[in-house]
Amino acid sequence: MIHLYTTEREYPWGTLRSTNASKVKVVLEEKGLSYQVERMRAGDLWKKPPEFLAKHPLGKVPFIEDGDRIIYDSSVINEYLEDQYPQPALMPASALDRARVRMLENFCDEAILVGDLPLLWMPYWSEPSQRDTARMEKGREGLRQRALPFIEQTLGDQAFLCGEFSLADAGYMALAMVLQVDGMALDAFPRTARYLERLRARASYACISPASSLADSSGRP
Ligand SMILES: N[C@@H](CCC(=O)N[C@@H](CS)C(=O)NCC(=O)O)C(=O)O
């Protein structure tokens, strides 16, 4: 049984989750692995108590415990899961195709998950009256300028970023989650809109869907 440490909370506007941990959660689901979600105490992400820093030296989520092994950083965890639990394969075979998956994952991390998405996502963790709407719009505009045109172009006629669903798509599941809550218009990016719908239609999306309660998304026995 793998333990996934993350942040997830229920609010009147949906169940909100860590984007980086969501990237791992969908891979645990895609691989059919047995796992338990361990939800961090409120404030631990910012207070970073010693017992948390002992498991992740940066005091971030996600990290996993797999037996007596601790692995942190969503990209490292997903590659570990792929290496340790190779079926079903979420990485292509050739060195070039694998590099392509990693580049797309890196783009998602840098341009989206630590780039423009937090501007839009973090305010959703506060009451509507407390949200900095100008900052949220800056996040949307950043996505419109950089990530969304890139996804639109990269997809071409493919269903997923590298043809078949792969680790390259896992981080974009978190984008699908945030944009489901936000409802930002994607009319200028029709391929991307259909791609995000395709991601939301996967069975694995239920574990990060804003419509899934904490009780219904706490792992797989
Ligand atoms: N590169 C890391 C980033 C992890 C990250 O920034 N996680 C956020 C939550 S989504 C966090 O823990 N933030 C608290 C902090 O930055 O101290 C990964 O992919 O796991």
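As shown above, the structure is provided for reference.
Worth saying up front: this structure is predicted, and the values here are computed from it rather than measured.

Visitor: Explain the sheet that holds strand S5 (residues 63-66) to me, please; I cannot follow it from the model alone.
Guide: Sheet strands pair via backbone hydrogen bonds, and the direction of the pair is either parallel or antiparallel. Pairing is mixed across the open sheet formed by five strands, whose spatial order is S6-S5-S1-S4-S7. Two strands bound the open sheet, and with one partner strand each, they are strand S6 (69-72) and strand S7 (219-220). In this structure, strand S1 (residues 2-6) lies alongside strand S4 (residues 35-39), joined through five bridges in parallel fashion. Among the inter-strand pairings, Thr 6 is bridged to a residue of S4, identified as Arg 39. In the packing of helix H1 (residues 19-30) onto the sheet, contacts are made with S1, S4 and S5, and the angle to S1 comes to roughly 155°.

Visitor: Quick question: what am I supposed to make of unusual backbone geometry here?
Guide: Residue Pro 62 follows Val 61 across a cis peptide bond; omega there is 10°. The backbone of Asp 73 sits at a positive phi, close to 80°, despite the residue not being glycine. Within the secondary structure, Asp 73 is located in the loop between S6 and helix H4 (74-84).

Visitor: Explain the site of the ligand to me, please; I cannot follow it from the model alone.
Guide: The immediate surroundings of the ligand are formed by Ser 18, Thr 19, Asn 20, Leu 45, Gly 59, Lys 60, Val 61, Pro 62, Asp 73, Ser 74, Ser 75 and Asp 109. When contributions to the shell around the ligand are tallied by element, the ones reaching two or more residues are H1 and H4.

Visitor: Just checking my understanding: could you explain H4 for this structure?
Guide: Think of an α-helix as 3.6 residues a turn; residues three or four steps apart then line up on the same face. Buried within H4 we find Ser 74, Ile 77, Asn 78, Glu 79 and Leu 81. The secondary structure elements touched by the buried residues of H4 are H1, S5, S6 and helix H7 (167-182).

Visitor: Explain the pairing of S5 here, please?
Guide: Working note: regular strand, side chains alternate between the two faces of the sheet. Of the strand pairs in this sheet, S1 and S5 are connected by four bridges, and their pairing is antiparallel. Along S5, the bridge assignment pairs Ile 2 with Asp 66. Alignment of S5 against S6, held across four bridges, turns out to be antiparallel. Looking at S6, one finds that Ile 64 is bridged to Ile 71.

Visitor: Can you walk me through the environment of Pro 12 in this structure?
Guide: One can find Pro 12 in the loop between strand S2 (8-11) and strand S3 (14-17). With 115 residues separating them in the primary sequence, Pro 12 and Glu 127 have C-alpha atoms 9.5 Å apart.

So, how was this worked out
- Residues numbered from 1 in each chain as written.
- Predicted model: local features only at pLDDT ≥ 70, side-chain atom pairs only at ≥ 80, totals over all residues.
- Pairing = 2+ DSSP bridges.
- Helix = DSSP H or I, 4+ residues; strand = E, 2+ residues; numbered from the N terminus.
- Contact = placed C-beta atoms within 7 Å.
- Axes fitted to C-alpha atoms, helices over the stretch in contact; angles between N-to-C directions.
- Near = placed C-beta within 6 Å.
- Buried ≥ 20, exposed ≤ 12 C-beta atoms within 10 Å, placed from the backbone.

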